[in-house]
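Structure at a glance
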Amino acid sequence: MTAFSADLLDSIRARFAHVESCPFQGPRVFFENAGGALTLRSVVETSTTYAAIPDNQGRDNPASHALVKVIDTAKADARQFFNAPDGAIFVGESGTELTFRLISAAILGAAEGGVVLGSTLEHPASRSACARWAGIAGKPHVLVPHDNATGTVTAADYRKHLTPDVRVATIIHTSPVTGMGVDVAAIAAEIRAVAPEAFIIVDGIQHASHGGIDIAHYGVDGYVISPYKVFSRHGYGLAWASERLAALPHDSLVGGPAGNWELGTRDTGSYATFSDVVEYFRWLGGQVSDATDPRALIEAAGAAIHDHEQALTDAMLHGTGNLKGLAELPGVTVIGGIDNLAREGLVSLIVEGMPSVDVVAALNAQGIRVHVRKADHYSGNILDPLGRDSCVRVSLCHYNSPAEVSQFLSAMAGITADAAD
């Protein structure tokens, strides 16, 4: 049983493009959501509309005024989505690019000396940015080791490495390799207790589609997402910066507006498509709750998304109907363990006796789209300590169905049997 009725799940799936088939492959199950979620049909329509408009913001004409209004509305929608009553909201080239910009501003703008603190769980976007700018600023970059067994990092792990001279700290909200979430509020509280003036920046890119974001309760200074991983499209990232982080010196045009973080004229369509995302969350919240307040609707949607995805991953791990789950299939190792409450819609696995690339190919041959993660600059931080050169990443989203999980398990039964022979 999932959080959605069959009728509601049908309605959800109808709002997304290419749910059941790939325009290049044909029918397929999409379990590659961590690489980029499916796109809302409304986002496709909005993108087409704004791609055709020749006008820019900042002019004195009706079209320009209308574009500014769209941007202002989208920023208000983003504040509601993040639950961020103050600070700056802005778009950039990508989530990675914005992560680099926030981290560089924080490190260069923080007091001299001190330490930049992160964790080995993090995506290379934050780890690379910290390594680069900490080196330029002459600040040691300290990495808190994550727990290989659970695939996550905790406040207690951070506590062991905290000193009063931490100037900048980074946190990943959810790992795109292990799929495990992190208690951002608890880690931030530990950091503030020891280094209250530290700038804390969060990579929320993997987390954003799987549940709620609540910046007002995190006690952090920066939060970055990639909208293409939360039902929008490629081509932009979205960031929030606290008032004190936003006030730091940063890349900007000489003589330009104070506090502006955007370089050049941004695509109004990127802002407009994020409004589509927020409107979708509000719609879904109205389907699963009696809430009427816009933020309460978003929170209800996030809770229902989490519950539905948990039911799907539980079925994937423990089985459904007469199909065995991954926990029962011979030769399958699940990264982060089987019963891990931190999991957010993602299972990374290894099939003993069969290279991960071959498992991915075998699933693809049966119309199931997953992805191989290799021990490279993206995933080596997770796989190298485990002594693994690769794994298979199976990533779900709330529009996926129990029937698709059954199709996956049926395919995996045959694959693991072949590997065991």
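Residues numbered from 1 in each chain as written. Predicted model: local features only at pLDDT ≥ 70, side-chain atom pairs only at ≥ 80, totals over all residues. Heavy atoms only, no water.

Observations regarding the side chain of T313
Keep this limit in mind: Each helix corresponds to a stretch of at least 4 residues labelled H or I by DSSP, and each strand to a stretch of at least 2 residues labelled E; elements are numbered beginning at the N terminus. Per-residue accessibility, obtained with a 1.4 Å probe over protein chains only, is compared with the maximum for each type, and a residue is labelled buried under 20%, exposed over 50%, and partly exposed between these values. Contacts are assigned to residue pairs with any non-hydrogen atoms lying within 4.5 Å of each other.
Following the sequence through the fold, T313 ends up in helix α10 (residues 294-318). Overall, T313 belongs to the buried group, its relative accessible area being 4%. For T313, the residues in contact, after removing those within four places along its chain, are R343, G345, L346, V347 and L396.

Here we look at the packing of aromatic side chains
Heads up, the condition is: Between the rings of Phe, Tyr and Trp (Trp by its six-membered ring), a pair exists once the centres lie within 6.5 Å; its type follows the angle of the planes, with under 30 degrees stacked, over 60 edge-to-face, and the other angles tilted.
Considering all chains together, one arrives at 15 aromatic pairs under this definition. Here the aromatic rings of F82 and Y223 are separated by 5.9 Å at their centres, their planes lie at 55°, and the arrangement is tilted. Residue F82 is found in helix α3 (residues 62-82), and its partner Y223 is found in strand β9 (residues 222-225); the two are separated by 141 residues along the sequence. A residue is classified by how much of its surface remains accessible, and F82, at 0% relative accessible area, is buried. On the basis of relative accessible area, Y223 is assigned to the buried category, the value being 0%. For the ring pair Y280 and F281, a centre distance of 6.2 Å and an interplane angle of 85° mean the geometry is edge-to-face. Residues Y280 and F281 agree in their burial class; the two are buried.

Some remarks on the sheet that holds strand β12 (residues 346-351)
Threshold: At least two bridges found by DSSP between two strands are what make those strands a pair. Only C-alpha atoms enter the line fits that serve as axes; for helices the fit covers just the stretch in contact. Angles between N-to-C directions range over 0 to 180 degrees.
With respect to topology, four strands assemble into an open sheet ordered β11-β12-β15-β14, the strand pairing being antiparallel. Taken across any chain shown, the strands that pair with only one partner, and hence form the sheet edges, are β11 (332-334) and β14 (371-374). The average angle at which neighbouring strand axes cross in this sheet is 35°, direction not considered. When β11 meets β12, the two strands line up antiparallel, connected through three bridges. The partner of T333 across the bridge, within β12, is I350. Seen against the sheet, helix α13 (residues 402-420) touches β11, β12 and β15 (390-395) and runs at an angle of roughly 20° to β12.

A word on the state of the cysteines
For clarity, the cut-off: Disulfides are defined in this document as cysteine sulfur pairs within 2.5 Å.
Under the defined criterion, the tally for this structure stands at zero disulfides. Looking at C22, it has no disulfide partner, and the nearest cysteine sulfur is the one in C397, 17 Å off. Looking at C22, the relative accessible area reads 12%, which means it is buried. The class for C397 is buried, based on a relative accessible area of 0%.

Considering the environment of A76
Note that A76 resides in helix α3. Of the residues examined, A76 reaches a relative accessible area of 44% and is grouped as partly exposed.

Quick word on the pairing of β15
Buried residues dominate β15, accounting for six of its six residues. Where burial is concerned, the two faces of β15 agree: the one with S390, V392 and V394 and the one with C391, R393 and S395 are both buried. Bridge analysis of β12 against β15 gives four bridges, and the strand direction is antiparallel. Paired with S348 across the two strands is R393, which belongs to β15. Where β14 lies against β15, four bridges are found, and the strand directions are antiparallel. Bridging from a neighbouring strand, H371 pairs with R393 of β15.

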